[in-house]
Amino acid sequence: MAVLLLELSGPLQSWGDSSRYVKRGTRWEPTKSGVVGMLASALGRSREDRLDDLSSLEFGVRLDQPGSLLVDFQTERPLGDINKAMPLSYRYYLADAKFLVALAGDASWMRELDEALRHPTWPLFLGRRSCPPDTPPSRGVRDEYSDVRVALTSEPWLATGRYRRRHQRVTELEVACDAREGEVAESQADLPLSFSGAGRKYAGRGVHRFRVAVEQLGGEKTPAAGSGVVALPGHDPIGFF
């Protein structure tokens, strides 16, 4: 057993699990279906290929930098007839968010997925095609963790220095993991069965939530104001302009 860690970070992310028609929402954290889709894309699988070896992996995510909700109101006009009415839509995104995702499975399989993410067959996206990551997603495979929960309660906090300075009262981070038998859980329709073009299929997944204290995560601390220590600039999500 080994744990593959992913850092999902970008200017925009969108993780819908029940979006329909004109309102395309997003959850506050990556969905299992979205991450499985990213892995399938990295492996070069088609929409008709099997998913059970990916969707059966133990999954968990930590909300290191939740980001802020952004709404995009979109209009459309057909190319050939500008007078034809088209549906309006509201599309929701998370701006400037960072998440730590953990997947657990056989060590050789985790290393194969790690290699695929580092050299993906198809482009990788954070939920939607309009949301590319701003850093390579894979943080590598860890053999020292027995499961995703140990990893998510041990790995250093990924939030930028700018975020930490602005949110100094944050003392806990939320974690959402695959629920285990007997745990209090909520149901999410984000367990992918098929991404087929003939019709995508999803099943319900039990999700157990808990919180982890920031102080137990270790890592470098952000210098306090007036300490005389010069900190490096924080992440700028539109710094590529």
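Since we're looking at a predicted model, the values are computed, not measured.

Draft legend 1. Summary view of unusual backbone geometry. In this model, Asp96 sits at a positive phi of 55°, which is unusual for a non-glycine residue. By the secondary structure assignment, Asp96 is in strand β5 (residues 89-105). With relative accessibility at 25%, the residue Asp96 sits in the partly exposed group.

Draft legend 2. Seen up close, the packing of helix α1 (residues 32-43) against helix α3 (residues 107-118). Running from N to C, α1 and α3 cross one another at 75°; their axes reach a closest spacing of 8 Å. What the angle tells us is that α1 and α3 run roughly perpendicular. For the pair formed by α1 and α3, the contact residues are Met38, Leu39, Ala42 and Leu43 on the first element and Trp109, Glu112, Leu113, Ala116 and Leu117 on the second. In terms of residue class, the contact of α1 with α3 is made up of 8 nonpolar, no polar and 1 charged.

Draft legend 3. Quick look at α3. For α3, with 12 residues, the first-to-last C-alpha span of 17 Å sits near the 16 Å given by 1.5 Å per residue. Three or more residues of α3 are buried, namely Trp109, Met110, Leu113, Asp114, Ala116 and Leu117. End-on view of α3: buried residues confined to an arc of 165°, all on one side of the axis. Tucked inside the fold, the buried residues of α3 contact β1 (2-13), α1, α2 (52-55), β5 and β6 (138-142).

Draft legend 4. Region of interest: α1. The first and last C-alpha atoms of α1 sit 16 Å apart over 12 residues, in line with the 16 Å expected at 1.5 Å per residue. Of all 12 residues that make up α1, 9 are buried, and the element is covered over most of its length. Taken together, the buried positions of α1 are Lys32, Ser33, Val35, Val36, Met38, Leu39, Ala40, Ser41 and Ala42. Downstream of α1 by a residue or two, Gly44 has a phi angle that is positive, lying close to 85°.

Draft legend 5. Quick look at the nonpolar core. Grouped together as the largest cluster of nonpolar side chains are 35 residues, with contacts concentrated most on Leu8 and Leu103. Among the secondary structure elements, those contributing two or more residues to this core are β1, α1, β3 (58-65), β5 and α3. If sequence neighbours within four positions are ignored, Leu8 has contacts with Gln13, Trp15, Pro30, Val35, Met38, Ala97, Lys98, Phe99, Val101, Leu126 and Pro137. Listed in part, the 19 residues of the second largest apolar core include Leu100, Ala104, Tyr145 and Ala159.

Draft legend 6. Structural detail: the side chain of Asp147. Structurally, the position occupied by Asp147 is in the loop between β6 and α4 (148-152). Residue class for Asp147 comes out buried when judged on its relative accessible area of 16%. A distance of 3.0 Å separates a polar side-chain atom of Asp147 from the backbone nitrogen of Arg149. Within the local environment of Asp147, its side chain forms a polar contact with the backbone nitrogen of Val150, the two atoms lying 2.9 Å apart.

Draft legend 7. Structural context of the side chain of Ser138. Relative to the helices and strands, Ser138 resides in strand β6. Owing to a relative accessible area of 9%, Ser138 belongs among the buried residues under this scheme. Engagement of the side chain of Ser138 in a polar contact is seen with the backbone nitrogen of Gly140, the distance being 3.2 Å. Sequence-distant contacts of Ser138, defined by excluding residues within four places in its chain, comprise Leu4, Leu5, Leu6, Asp114, Leu117 and Arg118.

Draft legend 8. Region of the structure containing the pairing of β1. Counting buried positions over the 12 residues of β1 gives 10, a clear majority of the element. With 11 bridges connecting them, β1 and β5 associate as antiparallel partners. Within the sheet, the bridge partner assigned to Leu6 lies in β5 and is Val101. Of the strand pairs in this sheet, β1 and β6 are connected by 4 bridges, and their pairing is antiparallel. Bridge pairing links Leu4 to Val141 in β6.

What counts as what
- Residues numbered from 1 in each chain as written.
- Predicted model: local features only at pLDDT ≥ 70, side-chain atom pairs only at ≥ 80, totals over all residues.
- Heavy atoms only, no water.
- Helix = DSSP H or I, 4+ residues; strand = E, 2+ residues; numbered from the N terminus.
- Buried < 20%, exposed > 50% of the residue type's maximum accessible area, 1.4 Å probe, protein only.
- Axes fitted to C-alpha atoms, helices over the stretch in contact; angles between N-to-C directions.
- Parallel < 35°, antiparallel > 145°, perpendicular 65-115°, else oblique.
- Contact = heavy atoms within 4.5 Å.
- Nonpolar A, V, L, I, M, F, W, Y, C, P; charged D, E, K, R; others polar.
- Expected span 1.5 Å × (residues − 1).
- Arc of directions from axis to C-beta.
- Core = buried A, V, L, I, M, F, W, Y, C linked by side-chain atoms within 4.5 Å.
- Polar contact = N/O pair within 3.5 Å; in protein donor to acceptor, adjacent residues only side chain to side chain.
- Pairing = 2+ DSSP bridges.

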